[in-house]
Amino acid sequence: MNTLYEAVIERLDQNNLWQFPGGVHPPGQKERSNTQPIQRMSIPEVLYVPVKQHTGVEGDIIVTVGESVLKGQPLTRSSLPFAVPVHAPTSGKITEITPQPSAHPSGVPEMAITLVPDGNDTCAMLKPLSQYQQLPKSTVIEAICDAGISGLGGAGFPTHIKVSPTKPIDFLIINGIECEPYISSDDRLMREHAWQIRQGIDVLNYLIEPKCIIVAVEDNKPQAIEALTIACQDSEHYRVVSVPTVYPAGGEKQLVQVLTGREIPRKGLPADVGCVMFNVGTCYAIADAIFSGKPLTERVVTITGSAIEEPQNVWAMLGTPVLHLLTHAGYLPHKQQEQHVIMGGPMMGFTVTRLTVPVVKITNCLLVPAKNELPAPEDERACIRCGFCADVCPATLLPQQLYWYSKSKEYDNAEEYNLFDCIECGACAYVCPSEIPLVHYYRKAKADIRNLRDEKDKSDKAKARFEARKARLLAEKEAREEKHRLAAQARKQAMEKSDSGAKDKIAAALARAKAKKSQSTENSESPQSTAQEKKAQVQAAVARAKAKKAQTAQNETTSADKKAQVQAAVVRAKAKKAQTAQNETTSADKKPDADTASNNKTSGTQVQDQPEMSDAERQKREKIAQAIARAKARKLNQQNSSGDS
Amino acid sequence: MKLSLRSSPHQHVRRDTGAVMRLVCYAALPGIAAQVVFFGWGVIVQLILAITTAILAEAAVLLLRKKSLERTLSDYSALLTALLLAISIPPLAPWWVIVIGSVFAIVVVKQLYGGLGYNMFNPAMAAYIMLLISFPVQMTQWLPPQSIAENSASIIDAASVVFTGFTLEGYSIAQLQVNADGVTMATPLDSVKTALLSGQTYSESLNSPMFNGAAGKGWLWVSIAYLVGGLALIKLRVISWHIPGSLLLAVAATSLMFYAVSPDNFASPYFHLVNGSAIIGAFFIATDPVSASTTPRGRMVFGALIGFWIVIIRLFGNYPDAVAFAVVIMNMAVPLIDYYTQPRTYGHSRRSR
Ligand code: SF4
Ligand code: SF4
């Protein structure tokens, strides 16, 4: 259930905030670095500007090796919605475009542009949009994207995506919590640049149109609260809220809960509960881009820890190697037992793999602790199930169970205990009396589960492919088997028939079939008078018999074959002759329908071949014979052709 | 330069398992002091015996399992187990009782299950039950406070009883148990129970010499001393209030139910709370992290059910006290309780189950 807007406002008015469960109170250690103003550093000798410094996809590189660039010149172009460009932090020459060790716990090399500064720091700025309120929102959003702004708080989410929420927003939350110990970069920024932060918030206000704006600062930063309160005092719309100091109050989910009593649903976004959140540093960068046309090329970084001579905050160009910052602030390696530098805070930061690792948009702190300051954990002991971890978990998980299942690789159970809702804040490991590196186990388990899922995806696809193929093969096989079965059946039947042997039988059957066929042909062909029909039938029977004989003979012996052929030839010849005679007669008589057997009543026509039959009777017989002969010839032809096939 | 890599968080509270266990031991000191005052030096003799045995037993097992002696012993869990067992048994019980109990607790209940963190049962309580069942006579010989004050004034005297069965002056425990009036004395729980069984009412039973004067107040003071230590543990965030709070509440509620129905036949909630080891059980025994439930709601259920069982077993069982039985019964139910009391995770609309 979402807390109602009015209820939230009421409680904000009374400064009666909500609480998130758990949380820890590690010593702040902020006073080490937050007393001095933010310093300017010398330009480093070399900059490694990673092309991707945010969550999303990288832009296309639009510069080449050897090219000279000006400060603020874009090095990549955003071609996809989730791409954010990077810009040259100073003027100089590009000497290399290769993967370099990244600002990531693993240090895996990522594509970076190596820039050797020329020391002149010559600028090429973007066009400021100081009259942004008269411009369409899309123009302003585009300007924010072109300035390369992504969240400076931690996740590094592209800002231009966040400023165009799809849901109505109740609360625009500006996160100035900075709950991790040691870090004071946001603190100093708020103290020194409250007005510019306010300007950035104005831009966000214009773009997002929230019902209410909350600027939240932990109560351990009274000067920052004061500065922001003054900066925001002219508008009732802006509320600067002091939040009790407890780690991790600055987590997005936790801050939403503390300020509004609402919980971001699992796998949801703050916008789902009417909230959207920006870091104070992001607001500062937005103001830079909109009012001065300055793209995001530098940020405030805290350099602190007991192995640093002068802990302080500095403006660091993005891409500055860690070593340059350490040298600037005075690194004292002898104070460390094992050399290690933490990027980020003591709770969630990671140790860098090399000192060439560059500062990126989300780098807020370099922590270099002395020997006994943050000692390496001893070997873990057995979990005594004290539940301290569960008491401090801000996500209300049961870390001891997650640990148990992660360690024993019972990943199904780990997921059932909501491993993926762990925000890796480290509160549990911070309090664990057995010094179990709990978060380390969770990260490993999560990575394993993700890998397994990927693999499963892959294997599922492969399996689907395999199944489809199997089904196809099976279908084919069945079809083949059916065919074989039918063929075998036919063969078997044939075998059975031929068992009783005699070829004659087959021949006889064939002849029978053929005769039948011829009969049906005849029937359909000769619709004559009954007498004729009878005769014809007789003739046909004779012909059948003859054909049978002929066939048999043909099958049996060559001589018979010959005889039959001769006979057939004779029959054919006779028929031809008869035909020709008839044709002659008809042509002589000029009778049009001479070839029809029914025209038998025509006047006396002489057929020269058969002088003894000159009467109508003879004519009739002739015609019948003709027809028979034709039929015979056709039949024989048929027989021959069918016999051949 | 070679940089060393570490995993976050890089910071830890400086309170390790050993420190936690030590704090619990310290918190038991006021209670132990009260026991010494009212029940004599016997408890100190028992403590020395128990701790020595437990540590030797643990060391022996670790040697056999080829584990680091120093690391495991420095978690102080064996010490705490021994302490809890020693304060639970009669102060003048024979030496071999506590020795057997300690060895059993460490070797069988803890190490055979896989060591600290893997044991299902509370080692001290499992050992207590084993002793109670095996040696019922020795395990129920509680001396009335004043008799101890009269007969075993020094630690030497107490040690003599523990090791030989006789005081330096030659009295046996059985003799010591009989007071001047010739009535055998036991614990308040025992005597009330016996009185109720013999037909007396609850209020009549309270008139027994057992509850007179300083003697009657002995148990009360011991309970108060342990209560102070327990509250300190909560204050120091070594234990959470859930288990002791729900346990004591349940003891009160359950006994009130019976007392309200029939005040003559059942003892009052107050009586149940201050007598016997209800307070020790609530703050020091049921809170043993390894064998208790770990979810916040689970702890409440766990504590409440222990409280309920304590009263039921006290009223209807055959044994003088019930904390050990109640705890061990509920130890068995812990996996179930944990399973059903998983808290609702942030952003989830409901509990997972
Ligand atoms: S804090 Fe450590 S020892 Fe205690 S339950 Fe959690 S993981 Fe186990
Ligand atoms: S790291 Fe995860 S499990 Fe541990 S306290 Fe934070 S959210 Fe809870």
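Not measured: the values here are computed from a predicted model. (Residues numbered from 1 in each chain as written. Chains lettered and ligands numbered in written order. Predicted model: local features only at pLDDT ≥ 70, side-chain atom pairs only at ≥ 80, totals over all residues. Heavy atoms only, no water.)

**Focus on the overall build of chain A**
This is how the line gets drawn: Each helix is a run of DSSP H or I of at least 4 residues and each strand a run of E of at least 2, with the numbering of both proceeding from the N terminus. The buried label goes to any residue with under 20% of its type's maximum accessible area, the exposed label to any with over 50%, and the partly exposed label to all in between, with areas taken from a 1.4 Å probe on protein chains only. Whether two residues touch is decided by their heavy atoms; if any such pair falls within 4.5 Å, the residues are in contact. What sets the accessible areas is the Shrake-Rupley method with a 1.4 Å probe; for residues, cover comes only from the shown protein chains.
The helix and strand tally for chain A stands at 17 helices and 16 strands. Looking at the 645 residues of chain A, the share that counts as buried comes to 49%. Long-range pairs, those at least 24 residues apart, make up 72% of the contacts in chain A with a sequence separation of at least 6. Accessible area for chain A stands at about 31500 Å²; split by element, carbon and sulfur atoms hold 53% of it.

**Here's the deal with the packing of helix H2 (residues 42-64) of chain B against helix H4 (residues 77-88) of chain B**
Residues and elements named next belong to chain B. Stated formally: The axes are straight lines fitted to the C-alpha atoms, using for helices just the contacting stretch, and the angles between their N-to-C directions are given from 0 to 180°. Crossing handedness is read from the near helix: turned anticlockwise from the far helix by less than a right angle, it gives a left-handed crossing, and turned clockwise, a right-handed one. All amino acids are sorted into three groups, where Ala, Val, Leu, Ile, Met, Phe, Trp, Tyr, Cys and Pro are nonpolar, Asp, Glu, Lys and Arg are charged, and the leftover types, Gly among them, are polar.
Taken N-terminus to C-terminus, the directions of H2 and H4 make an angle of 145°; their axes are 8 Å apart at the nearest point. Helix-helix and strand crossings are classified by hand; for H2 and H4 the assignment is right-handed. Here Val43, Gln46, Leu47, Ala50, Ile51, Ala54, Ile55 and Glu58 of H2 come into contact with H4, specifically with Ser77, Ala78, Leu79, Ala82, Leu83, Ala86 and Ile87. Classifying every residue of the contact of H2 with H4 by side-chain character gives 12 nonpolar, 2 polar and 1 charged.

**Some points on the packing of aromatic side chains**
Geometrically, a pair of aromatic rings is defined through the distance of the ring centres and the angle of the planes. Heads up, the rule is: A pair of Phe, Tyr and Trp rings is counted when the ring centres sit within 6.5 Å of each other, with Trp represented by its six-membered ring. The angle between the planes then sorts it: under 30 degrees is stacked, over 60 is edge-to-face, the rest tilted.
For the structure on display, the rule yields 15 aromatic pairs over all chains. Between the aromatic rings of A:Tyr132 and A:Phe291, the centroid separation amounts to 5.7 Å while the plane-to-plane angle is 85°, which identifies the pairing as edge-to-face. Taken together, the residues span a long stretch of sequence, with A:Tyr132 in the loop between strand E7 (110-117) and helix H2 (137-146) and A:Phe291 in helix H7 (residues 280-292) at a distance of 159 residues. For A:Tyr132, a relative accessible area of 4% gives the class buried. Between B:Trp96 and B:Phe135, the aromatic rings sit 5.1 Å apart at their centres with planes inclined by 75°, giving edge-to-face as the arrangement. You can see B:Trp96 sitting in helix H5 (residues 95-110) and its partner B:Phe135 sitting in the loop between helix H6 (123-134) and helix H7 (136-139), a full 39 residues away along the chain.

**With respect to the sheet that holds strand E4 (residues 68-69) of chain A**
All names here are of chain A. To be explicit about the condition: At least two bridges found by DSSP between two strands is the condition for calling them paired.
If you walk across this open sheet you meet the 4 strands as E2-E7-E6-E4, and the pairing is antiparallel. Edge positions in the sheet fall to strand E2 (47-50) and E4, since each of these pairs with one other strand and no more. Pairing between E4 and strand E6 (residues 92-100): 2 bridges, direction antiparallel. Bridge pairing in E6 links Ser68 to Lys93.

**A look at the sheet that holds strand E9 (residues 212-218) of chain A**
All names here are of chain A. Read from one edge to the other, the open sheet built from 4 strands follows the order E10-E9-E8-E11, with strand pairing classed as parallel. Edge positions in the sheet fall to strand E10 (238-243) and strand E11 (275-279), since each has one partner strand and no second. Taking the axes of each pair of neighbouring strands and ignoring which way they run, one obtains an average angle of 25° across the sheet. When strand E8 (residues 171-176) meets E9, the two strands line up parallel, connected through 6 bridges.

**A closer look at helix H10 (residues 399-407) of chain A**
An α-helix turns once every 3.6 residues. As a result, residues three or four positions apart point the same way. Residue and element names in this part refer to chain A. Among the 9 residues in H10, 7 count as buried, and that is most of the element. Within the span of H10, buried status applies to Pro399, Gln400, Gln401, Leu402, Tyr403, Tyr405 and Ser406. In the segment just after H10, Lys409 is the residue with positive phi, at about 60°.

**Describing the pairing of E7(A)**
Residues and elements named next belong to chain A. Pairing of E2 with E7 involves 4 bridges; the strand directions are antiparallel. If you follow Leu47 over to E7, its bridge partner there is Leu115. Pairing geometry for E6 and E7, over 8 bridges, is antiparallel. Of the residues in E7, the one forming a bridge with Gln100 is Glu110.

**Here's the deal with the interface of chain A and chain B**
Applicable threshold: A quick way to say it: buried area is the sum, across both parts, of accessible area lost when two parts are put together, with a 1.4 Å probe. By convention in these notes, a salt bridge is any Lys or Arg side-chain nitrogen within 4 Å of a carboxyl oxygen on Asp or Glu.
Each partner contributes to the interface: chain A provides 67 residues, whereas chain B provides 45 residues. Summed over both partners, the interface of chain A with chain B comes to about 4900 Å²; 51% of that surface belongs to carbon and sulfur atoms. Between chain A and chain B we count 4 salt bridges in total. One salt bridge in this structure joins B:Arg6 and A:Glu338, with 2.8 Å as the shortest N-O distance. Sorting the residues of the side of chain A that touches chain B by element identifies helix H6 (252-260), strand E15 (350-351), helix H9 (388-392), H10, helix H12 (427-431) and helix H13 (438-499) of chain A as the ones contributing at least two each. The residue makeup of the side of chain A that touches chain B, split by class, is 35 nonpolar, 16 polar and 16 charged.

**As for the site of ligand 2**
Rule in force here: Any residue with a heavy atom lying within 4 Å of a molecule or strand is counted as near it.
By nearness alone, 13 residues border ligand 2, and A:Cys393, A:Cys422, A:Cys425, A:Gly426 and A:Cys428 come closest of all. Mapped onto the shell around ligand 2, the elements with two or more residues apiece are H12 and H13 of chain A.

**Focus: the site of ligand 1**
Around ligand 1, the surrounding shell consists of A:Cys383, A:Ile384, A:Arg385, A:Cys386, A:Gly387, A:Cys389, A:Gln400, A:Cys432, A:Pro433, A:Ser434, A:Ile436 and A:Leu438. When its residues are assigned to classes, the shell around ligand 1 shows 8 nonpolar, 3 polar and 1 charged.

**Things to note about the confidence of the model for chain B**
Detailed reading of predicted coordinates is not advised where the pLDDT is low. Residue and element names in this part refer to chain B. We count it as follows: Note: pLDDT gives the predictor's confidence per residue, expressed from 0 to 100.
Within chain B, residue pLDDT values average 81, and 81% of them lie at 70 or more. Looking at the elements of chain B, mean pLDDT is at its lowest for helix H8 (residues 145-151), recorded as 56, and at its highest for helix H14 (residues 242-261), recorded as 92. Across the interface, the model reports ipTM at 0.81; the global pTM reads 0.74.

**Looking at H2(B)**
In plain terms, the rule: In this analysis, the expected span of each helix is defined as 1.5 Å times one less than the number of residues it contains.
Between its first and last C-alpha atoms H2(B) spans 33 Å; for 23 residues at 1.5 Å apiece the expected length is 33 Å, and the two agree. Positive backbone phi, approximately 55°, marks B:Lys66, located one or two places after H2(B).

**Some details on the nonpolar core**
Filter applied, for reference: Working definition of a nonpolar core: buried Ala, Val, Leu, Ile, Met, Phe, Trp, Tyr and Cys residues. They are joined through side-chain atoms within 4.5 Å.
Formed by 149 residues in total, the largest nonpolar core has its most connected members in A:Phe171 and B:Phe284. Per-element tally for this core: the top contributor is helix H1 (residues 17-39) of chain B, with 11 residues. Residues within four places of B:Phe284 in sequence aside, it is in contact with B:Val24, B:Ala27, B:Ala28, B:Leu84, B:Tyr226, B:Gly229, B:Gly230, B:Leu233 and B:Ile279. Counting 70 residues, the second-largest nonpolar core is a separate cluster that includes A:Met190, A:Val276, A:Ile290 and A:Leu318.

**Some points on unusual backbone geometry**
A cis amide bond, omega 0°, links A:Tyr247 with the succeeding residue A:Pro248. Looking at where A:Pro248 falls in the secondary structure, it is placed in the loop between E10 and H6. Between B:Ser8 and B:Pro9 the backbone carries a cis peptide bond, its omega angle lying at -5°. Of note, B:Pro9 is situated in the segment before H1. Positive phi, normally seen in glycine, also occurs at A:Asn15, with a value near 50°. Mapped onto the fold, A:Asn15 is located in the loop between helix H1 (5-13) and strand E1 (39-40). With a phi close to 50°, A:Glu435 is a non-glycine residue in the positive phi region. Following the sequence through the fold, A:Glu435 ends up in the loop between H12 and H13. Note on A:Glu435: relative accessible area 9%, which makes it buried.

**Re the packing of H5(B) against H6(B)**
All names here are of chain B. Rule in force here: Should an angle fall under 35 degrees it is taken as roughly parallel, and over 145 as roughly antiparallel, whereas 65 to 115 is taken as roughly perpendicular and any remaining angle as oblique.
At their nearest, the axes of H5 and H6 sit 8 Å apart, and the two run at 130° to each other. Accordingly, the angle class assigned to the pair H5 and H6 is oblique. In this structure, the crossing between H5 and H6 has a hand that is right-handed. Contacts between H5 and H6 involve Val97, Ile100, Gly101, Phe104, Ala105, Val109 and Lys110 from the first element and Pro123, Ala126, Ala127, Met130 and Leu131 from the second. Of the residues belonging to the contact of H5 with H6, the class tally is 10 nonpolar, 1 polar and 1 charged.

**Quick notes on the pairing of strand E12 (residues 298-304) of chain A**
Residue and element names in this part refer to chain A. With 7 of 7 residues buried, E12 lies mostly within the body of the structure. Residues Glu298, Val300, Thr302 and Thr304 of E12 are buried on one face, and the alternating residues Arg299, Val301 and Ile303, pointing to the opposite face, are buried as well. Bridge analysis of E12 against strand E13 (residues 312-317) gives 6 bridges, and the strand direction is antiparallel. By the bridge assignment for E13, Arg299 is matched with Ala316. Two strands pair when backbone bridges link them, and E12 and strand E16 (residues 365-367) are joined in this way by 3 bridges, in the parallel orientation.

**Remarks on the pattern of salt bridges**
All names here are of chain A. Tallied over the entire structure, the rule returns 27 salt bridges over all chains. A salt bridge links Asp187 to Arg191, with the shortest nitrogen-to-oxygen separation between them at 3.2 Å. Of this pair, Asp187 and Arg191 both sit in helix H4 (residues 185-208), 4 residues apart, which is roughly one turn of that helix. Arg191 gets classed as partly exposed once you look at its relative accessible area, which sits at 23%. Across the salt bridge formed by Glu424 and Lys446, the nearest N and O atoms sit 3.0 Å from each other. With Glu424 in the loop between helix H11 (411-416) and H12 and Lys446 in helix H13, this residue pair connects regions lying 22 residues apart in the sequence. Each member of the pair Glu424 and Lys446 is classed as buried. Among the charged side chains, a network of salt bridges with common partners joins Asp170, Lys211 and Arg262.

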